[in-house]
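Listed below are the residues making up each chain.
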Amino acid sequence: RGEQYRWLDEQLDLYNELRESTADSRTFWSFVMWHIPPYNAGSRHAGRQFAFRDIAQHFNSTVDWFLGGHEHLYQRSHPLNFKPFGLERKPRYGNQLGDGTGVLIVPPMGATPNTEVIRNRSRESGEILEMLAYPDRVGEQIEVDSVIGFSRFDLEGNSLALRTYGMTNEEAAEFTVVDRLNYQK
């Protein structure tokens, strides 16, 4: 393991010590961000995700949300744990033992959105698509709605509200909520 892995482990250890020393560790939130996501059901760059699965394993039961881009297709995963060669769906989002990390691939802002998810032709792609909470798909559908927009997290104690806004009228630059998620951990 290289220097960056050691640095990440040190940072996560410090975070976990601080979280565990607090009376209610559920009020601590942890967000990680980099450009290429460790999970991606979009068709443009889905194959790149496995290059980052190794480091994403460090997030299990520690990181609430991963934020990324690269794909130009807004996506939100179900709660996940990362494995060296697979994904495990968890029952709830959070950073406690048994929780899963949410992956949010932010919508493009001012760039051409991608509108295609990967084809479900292999066990691996089927697994990836099963972890996708948004956009909605029906059966083997690969064309999905995509938006130019932005996402907003509101945190209060142990409650999170996520709203993703999409542009419905580009000329008037009007935005409406296209995805929402509320939960307490």
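Below: a short report on this structure. Here the structure is a predicted model, which is why all the values come from computation and not from measurement. (Residues numbered from 1 in each chain as written. Predicted model: local features only at pLDDT ≥ 70, side-chain atom pairs only at ≥ 80, totals over all residues. Heavy atoms only, no water.)

### Focus: the pattern of salt bridges
Defined as follows: We define a salt bridge as a contact between a side-chain nitrogen of Lys or Arg and a carboxyl oxygen of Asp or Glu at a distance within 4 Å. To sort residues, take the accessible area from a 1.4 Å probe on protein chains only and compare it with the maximum for the residue type: under 20% means buried, over 50% means exposed, and anything in between is partly exposed.
Applying the stated criterion to the full structure yields 6 salt bridges. Between Glu88 and Lys83 there is a salt bridge, with the nearest N and O atoms lying 3.2 Å from each other. A relative accessible area of 27% means that Glu88 is categorised as partly exposed. A network of salt bridges, in which partner residues are shared, links Lys83, Glu88 and Lys90.

### Considering unusual backbone geometry
Here is the rule: Only runs of H or I of at least four residues qualify as helices and only runs of E of at least two qualify as strands under DSSP, and these elements are numbered from the N terminus.
A cis amide bond links Tyr134 with the next residue in sequence, Pro135, at an omega value of 10°. Inspection of the secondary structure puts Pro135 in the loop between strand S7 (132-134) and strand S8 (149-156). Positive phi values are uncommon outside glycine, yet Ser61 reaches one of about 60°. Although it is not a glycine, His72 sits at a positive phi angle of roughly 65°. Relative to the helices and strands, His72 is located in the loop between strand S2 (65-68) and strand S3 (75-77).

### Focus: the packing of aromatic side chains
Threshold: Geometry of aromatic contacts follows a simple scheme: Phe, Tyr and Trp rings, the Trp one being its six-membered ring, pair when their centres are within 6.5 Å, and the pair is stacked under 30 degrees between planes, edge-to-face over 60, tilted otherwise.
Under the defined criterion, the tally for this structure stands at 11 aromatic pairs. Ring centres of Trp65 and Tyr93 lie 4.8 Å apart, and the angle between their planes is 20°; on these two criteria the pair is classed as stacked. In this pair, Trp65 is assigned in strand S2 and Tyr93 in the loop between strand S5 (86-89) and strand S6 (102-105), connecting sequence segments 28 residues apart. Judged by its relative accessible area of 0%, Trp65 falls in the buried class.

### Re the sheet that holds S6
Formally: Any two strands with at least two DSSP bridges between them are considered paired. The axes are straight lines fitted to the C-alpha atoms, using for helices just the contacting stretch, and the angles between their N-to-C directions are given from 0 to 180°.
The strand order across the open sheet built from 5 strands is S1-S2-S6-S3-S7, with neighbouring strands paired in mixed fashion. Lying at the two open borders of the sheet, with one neighbouring strand each, are strand S1 (31-33) and S7. Averaged over all pairs of adjacent strands, the angle between strand axes in this sheet comes to 25°, irrespective of strand direction. Relative to S7, S3 is paired through 2 bridges, and the arrangement is antiparallel. By the bridge assignment for S7, Ser77 is matched with Leu132.

### Observations regarding the layout of surface pockets
A probe as big as a water molecule, rolled over the atoms, marks out the empty space that is left. Quick note on the threshold: We place a 1 Å grid over just the protein atoms. Points where a 1.4 Å probe fits but has no way out form a cavity, open points with protein on both sides within 12 Å along at least 5 of 7 lines form a pocket, and any residue with an atom within 4 Å of a point lines it. Grid points are joined across faces, edges and corners, and a volume is the space filled by probe spheres set on the points. Residue classes follow a fixed rule: Ala, Val, Leu, Ile, Met, Phe, Trp, Tyr, Cys and Pro count as nonpolar, while Asp, Glu, Lys and Arg count as charged, and any other residue, Gly among them, counts as polar.
The computed volume of the largest pocket comes to approximately 240 Å³. What lines the largest pocket is Gln4, Trp7, Leu8, Gln11, Leu12, Tyr15, Phe31, Val32, Met33, Trp34, Ile55 and Phe59. When residues of the lining of the largest pocket are traced back to their parent elements, those giving at least two are helix H1 (3-20) and S1. With 6 residues, the top contributor of residues to the lining of the largest pocket is H1. Residue composition of the lining of the largest pocket, by class: 10 nonpolar, 2 polar and no charged.

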